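Listed below are the residues making up each chain.
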Amino acid sequence: MGREFNELFDEWSHSYDETVTGHDPEYEEVFIDYDKILSTVAEKSTGTVLEFGVGTGNLTARLNNKGLNVFGIEPSEGMRAIAKQKLKNITILDGDFLEFPQIDAKIDTIVSTYAFHHLTDEEKDKAIRKYSNLLNEGGRILFADTVFPTEEAKQEKIRESLKRNFHRLAEDLQREYYTTIPVLQHIFDKYGFEVSFTRLNPFVWLMDAKKERRNDS
Ligand SMILES: C[S@@+](CC[C@H](N)C(=O)[O-])C[C@H]1O[C@@H](n2cnc3c(N)ncnc32)[C@H](O)[C@@H]1O
């Protein structure tokens, strides 16, 4: 489910840490304040944390340094190998946002950075529904990812990328499932979360969702 990007990430795994430090001009804006974004998510996390799409383990390391109990889920074998090499004491399992091994612990926080857009909107709905059953009242979802205020804002970014000859970025924005705040707001409302959206750079927003009531759908 949503694993159609595995090959791309296996290839990207070797140079991913160079991209996030701004070495790829096309992705420079996407990764502005990358360290600060990861630290914001880590600072707000508490207790036992389930992380999806760990990649090379940069957020995982921050969560671990904070002394949190972390379970990482990552579908790309290449990414998993790099994360495991960096973080020898952390459990990093093969899985994805929708299908992952059962975790025998009460989960307090579910986190992810730069990854939720790999699910279609229908899959995003399924995932949040699943997490609403996994979290107790007060449990939190903290996702930082590229999101657009409106569909028009997304189309404008695609046009702007093409104008700047950022063809890989424009293709990425068209190929993957970048969504809008109203779509996400609707999903979080439906499954009993109180959610806020905060812009962190020209592309990335923090979604901070707190479980308020039992899921009734
Ligand atoms: C752009 S990287 C982000 C890595 C890391 N979270 C970070 O912030 O640097 C996206 C990650 O999401 C993973 N991914 C892709 N599809 C996924 C899915 N359906 N479920 C979970 N992770 C997925 C990729 O394999 C990759 O490691």
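About the thresholds
Residues numbered from 1 in each chain as written. Predicted model: local features only at pLDDT ≥ 70, side-chain atom pairs only at ≥ 80, totals over all residues. UniProt positions renumbered as here; feature names shortened; annotations may be inferred. Pairing = 2+ DSSP bridges. Helix = DSSP H or I, 4+ residues; strand = E, 2+ residues; numbered from the N terminus. Axes fitted to C-alpha atoms, helices over the stretch in contact; angles between N-to-C directions. Parallel < 35°, antiparallel > 145°, perpendicular 65-115°, else oblique. Left-handed = near helix turned anticlockwise from the far one by under 90°. Contact = placed C-beta atoms within 7 Å. Buried ≥ 20, exposed ≤ 12 C-beta atoms within 10 Å, placed from the backbone. Expected span 1.5 Å × (residues − 1).

Recorded in UniProt for the chain, the comment headed Function (unreviewed entry) runs: "Could be a S-adenosyl-L-methionine-dependent methyltransferase." Under the Sequence similarities (unreviewed entry) heading, UniProt states for the chain: "Belongs to the methyltransferase superfamily. YrrT family."

S.K.: Give a detailed account of the sheet that holds strand E4 (residues 109-113), specifying residues and quantitative values.
M.R.: Each strand in a sheet pairs with its neighbour through backbone hydrogen bonds, running either in the same direction (parallel) or in the opposite one (antiparallel). Pairing is mixed in the open sheet, where seven strands are placed in the order E3-E2-E1-E4-E5-E7-E6. What marks the edges here is a single partner per strand, and that holds for strand E3 (91-93) and strand E6 (193-199). The average angle at which neighbouring strand axes cross in this sheet is 20°, direction not considered. Across three bridges, the pairing between strand E2 (residues 69-73) and E3 is parallel. Following the sheet pairing, Ile73 is matched in E3 by Leu93.

S.K.: Just give me the short version of the UniProt feature "binding site: S-adenosyl-L-methionine" (unreviewed entry) in the chain, but keep the residues and values in it.
M.R.: The sites that carry the UniProt feature "binding site: S-adenosyl-L-methionine" (unreviewed entry) are, in the present numbering, Gly53, Glu74 and Asp96. What stands out for the annotated residues spanning 44 residues is how close their C-alpha atoms remain, the widest pair being 7.1 Å apart. The residue Gly53 is located in the loop between strand E1 (48-52) and helix H4 (58-65) in this model.

S.K.: Quick one: what's the story with the packing of helix H6 (residues 121-134) against helix H9 (residues 181-190), residue by residue and with numbers?
M.R.: Closest axis-to-axis distance for the H6/H9 pair is 9 Å, and the angle between their directions is 30°. Relative to H9, the element H6 lies roughly parallel. Read as a crossing pair, H6 and H9 show a hand that is right-handed. Note on element contacts: H9 touches H6 through Val183, Ile187 and Phe188, opposite Asp121, Lys124, Asp125 and Ile128.

S.K.: Mind laying out the UniProt feature "domain: Methyltransferase" (unreviewed entry) in the chain, listing which residues take part and the relevant values?
M.R.: UniProt's feature table lists "domain: Methyltransferase" (unreviewed entry) at residues 49-139, given in the numbering used throughout. With 35% helix and 19% strand, residues 49-139 has end C-alpha atoms that lie 10 Å from one another.

S.K.: How would you sum up unusual backbone geometry? Please name residues and give values.
M.R.: The phi dihedral of Tyr114 is positive, around 55°, even though this residue is not glycine. Of note in the backbone geometry, Asn165 takes a positive phi value of approximately 65° without being a glycine. Positionally, Asn165 belongs in the loop between helix H7 (151-163) and helix H8 (167-175). Look at Asn165 and you get exposed, because 11 C-beta atoms sit within 10 Å.

S.K.: Requested: an account of H7, with residues and values cited.
M.R.: A rise of 1.5 Å per residue sets the reference length of H7, with its 13 residues, at 18 Å; its end C-alpha atoms lie 19 Å apart and thus fit the reference within 8%. Just beyond H7, the residue with positive phi is Asn165, at close to 65°.

S.K.: Break down the environment of Phe31 for me, citing the residues and quoting the values.
M.R.: In this fold, Phe31 is placed in the loop between helix H2 (16-23) and helix H3 (34-44). Its 19 C-beta neighbours within 10 Å are what place Phe31 among the partly exposed residues. Residues Phe31 and Leu98, 67 residues apart in the sequence, show an inter-C-alpha distance of 26 Å.

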